[in-house]
Amino acid sequence: MGKPSSWAVLVLAVVLLGLSAPCVAHRQPNFIVILADDVGWGDLGANWAETKETPCLDELAAEGTRFVDFHSAASTCSPSRASLLTGRLGARNGVTHNFAVTSVGGLPLNETTLAEVLQQAGYSTGAIGKWHLGHHGRHHPNFRGFDYFFGIPYSHDMGCTDTPGYNLPPCPPCPQRGTATRVARKDCYTEVALPLLENTTIIQQPANLSSLAMHYAQQAAGFIQRASDSGRPFFLYLALAHMHVPLEVPSPPPSASGIYGAALSEMDSLVGWIKQVADSHGKGSTLLWFTGDNGPWEQKCELAGRVGPFVGAWQRQRGGSSAKQTTWEGGHRVPALVYWPGHIPANRTSSALLSTLDIFPTLVALAGASLPPNRRFDGLDVSPVLFGWSDVGHKGLLHPNSGAAGKYGEIEALRLAQYKAFYTTGGAMACDGSTGPAEHHQPPLIFNLERDIQEQEPLDVASGEYQAVLPAISRAYAQALEDIITDNITTADYSKDPAVTPCCSTQHVACRCQVPRS
């Protein structure tokens, strides 16, 4: 995903870009949303002292506000991204599980994206990195409000490459020629290479993972420069490949913390560099929001991230992972930093209960735009929290099933103040191969996160505390479900057709853009 030594060249480029940047005062702020993939709450040094690989992110925390009770809207890729870009849970926007390489549909076309709202408000809009919200027809990002797209249509493990990187189990490189060289491997995509697109054109297939991060950084800088030259405010949605497997790092890893640490360090450098680029075009003119799509993918063992203290001990005692794909804290509590010099307090830590759902309504409000009509939103305009005027976020949050247990997208876990209630529990696949079977709870399991952040011991149903909080939880749960079923909800098309698979050339093995030289 790029060589750390190359960042020195890019830092010099920042200085040169800054010298040529016009001094334009925007009435509307610029926005950069950086979404890391499969990053753990404990992968941020400012959150977890054991993490030493994130000096740039830690500096971002020191110069901005760090949110320690911040949550992704789902615990897996597509639903989390759909919710960020619509401000609505999958139960409303229809995206309840991941789209496939052969998916015909995507984020329903009658759902309005953040990019579409900002585009109408005069913004230049760009998406760089992973999309995973549908690639066929009008589901492509260029038709969802983004003027410019550079990236991959889905996760970078959903196609073979010539630089397969580190994964568990390891996957083979793309076949070079002929069917005789193909190797079938469980959990590996071996038939079609991973495509890299610029707008709607495949420019490389297979994508080169060794240079992917560098390409993303360069394209982000170019987009910011073009927007600055145009005099328009910009919205950049940068969805990184880090920290999803396969991890691509120099071999052998230069860090004592191994492969994962080296990849985390590279992501940190990339984020730090994007911050410098933004500042070079007018410090204080750009709000930068860094967060993650869900927690670590623990079945990847040492190639997975750190959940910090959010270990989901109750589940772990019964088998399985309590991170990605689950509704335990490790699955959806993610790092979050917001940086906007001169507007957002520096070196502040907030315990407000916030979510990626809040990004949509907050940025719309800051841009002076209006929310789309005829639908309800799960996110809030949390600008008072960002500005330090308040530390009050959501009273409650809903956590949809994301693969470990229960029907995809259904709401069977919720947060109310310091209490977390589970109507269904289950563990995703863990490093040891175990899973935790689905268990249904009526009355629900209730944890007090204020004193049991590890989710180890649910309240005794006979206790006064349980009896006192249960009615409020039951009311909140019933009201939330009623609010959803009476809303303008949509359903995503999850049908599949091999003919929609992105393919540069059907004449070449694995859809290669060109037959490799001997």
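Calculation criteria
Residues numbered from 1 in each chain as written. Predicted model: local features only at pLDDT ≥ 70, side-chain atom pairs only at ≥ 80, totals over all residues. Heavy atoms only, no water. Axes fitted to C-alpha atoms, helices over the stretch in contact; angles between N-to-C directions. Helix = DSSP H or I, 4+ residues; strand = E, 2+ residues; numbered from the N terminus. Parallel < 35°, antiparallel > 145°, perpendicular 65-115°, else oblique. Contact = heavy atoms within 4.5 Å. Nonpolar A, V, L, I, M, F, W, Y, C, P; charged D, E, K, R; others polar. Phe/Tyr/Trp six-rings, centres within 6.5 Å; stacked < 30°, edge-to-face > 60°. Buried < 20%, exposed > 50% of the residue type's maximum accessible area, 1.4 Å probe, protein only. pLDDT = per-residue confidence, 0-100. Disulfide = S-S within 2.5 Å. Pairing = 2+ DSSP bridges. Core = buried A, V, L, I, M, F, W, Y, C linked by side-chain atoms within 4.5 Å.

S.K.: Got a sec to walk through the packing of helix α6 (residues 212-230) against helix α7 (residues 258-280)? Specific residues and values, please.
M.R.: Contact geometry of α6 with α7 gives a least axis separation of 10 Å together with a crossing angle of 10°. By the angle between their directions, the pair α6 and α7 is classed as roughly parallel. For the pair α6 and α7, the contacting residues are Ala213, Ala217, Gln218, Ala220, Ala221 and Ile224 in the first and Glu266, Leu270, Trp273, Ile274 and Val277 in the second. Here the contact of α6 with α7 is built from residues that sort into nine nonpolar, one polar and one charged.

S.K.: Can you explain the packing of aromatic side chains? Please cite residues and give values.
M.R.: Enumeration according to the criterion identifies 17 aromatic pairs in this entry. Taking 5.5 Å as the distance between ring centres and 5° as the angle between the ring planes, the aromatic pair formed by phenylalanine 31 and tyrosine 123 counts as stacked. Of this pair, phenylalanine 31 sits in strand β1 (residues 30-36) while tyrosine 123 sits in the loop between α5 (114-120) and β4 (124-130), placing them 92 residues apart in sequence. Overall, the relative accessible area of 0% leaves phenylalanine 31 in the buried class.

S.K.: Provide a residue-level description of the confidence of the model for the protein, including the pertinent values.
M.R.: Of the residues in the protein, 92% have a pLDDT of 70 or more, and the chain-wide mean is 93. A low-confidence stretch, residues 14-26 (pLDDT under 50), is modelled with 18 contacts involving residues beyond four sequence positions or located in other chains.

S.K.: Give a detailed account of the state of the cysteines, specifying residues and quantitative values.
M.R.: Applying the stated criterion across every chain yields a total of five disulfides. Paired through a disulfide, cysteine 160 and cysteine 174 show a sulfur-sulfur distance of 2.1 Å. Because the sign of the S-S torsion sets the handedness, a value of about 100° for the bond joining cysteine 160 and cysteine 174 places this disulfide among the right-handed ones. Pair noted here: cysteine 160 is in the loop between β5 (148-152) and β6 (196-198) and cysteine 174 is in the loop between β5 and β6, with a separation of 14 residues, a long-range link. For the pair cysteine 160 and cysteine 174, one class covers both residues: buried. There is a disulfide in this structure between cysteine 171 and cysteine 188, and the S-S distance comes to 2.0 Å. Looking along the S-S bond of the cysteine 171-cysteine 188 disulfide, the torsion reads about -85°, which is the left-handed sense. Of this pair, cysteine 171 sits in the loop between β5 and β6 while cysteine 188 sits in the loop between β5 and β6; the two residues are 17 residues apart in sequence, bridging distant segments of the chain. Given the relative accessible area of 13%, cysteine 188 is considered buried.

S.K.: Talk me through the sheet that holds strand β11 (residues 348-350); I want residue IDs and the actual numbers.
M.R.: With respect to topology, ten strands assemble into an open sheet ordered β7-β6-β5-β4-β8-β1-β9-β10-β2-β11, the strand pairing being mixed. Bordering the open sheet on either side are β7 (201-204) and β11, each of which pairs with just one other strand. Neighbour to neighbour, the strand axes of the sheet diverge by 15° on average, direction disregarded. Most of the contacts of helix α2 (residues 55-63) go to strand β10 (residues 336-339), to which it runs at about 60°, and overall it touches β2 (65-67), β9 (286-292) and β10.

S.K.: An account of the nonpolar core is needed here, citing residue identities and associated values.
M.R.: Formed by 54 residues in total, the largest nonpolar core has its most connected members in Ile32, Ile34, Leu236, Leu238, Met267, Ile274 and Phe290. For this core, the elements supplying multiple residues, two or more each, are β1, α2, β5, α6, β8 (234-239), α7, β9 and β10. With eleven residues, the top contributor of residues to this core is α7. Those residues in contact with isoleucine 274 that lie beyond four places of it in its chain are Ile32, Ile34, Ala220, Leu238 and Leu288.

S.K.: How would you sum up the sheet that holds strand β15 (residues 419-427)? Please name residues and give values.
M.R.: If you walk across this open sheet you meet the four strands as β13-β14-β15-β16, and the pairing is antiparallel. Each edge of the open sheet is held by one strand with a lone partner, namely β13 (396-400) and β16 (436-448). The sheet shows a mean angle of 20° between the axes of neighbouring strands, taken without regard to direction. One ladder, built from seven bridges, connects β15 with β16; its direction is antiparallel. Counterpart to phenylalanine 422 in the pairing with β16 is leucine 445. Against the sheet, helix α12 (residues 464-485) contacts β13, β14 (411-416), β15 and β16, and its axis sits at roughly 125° relative to β14.

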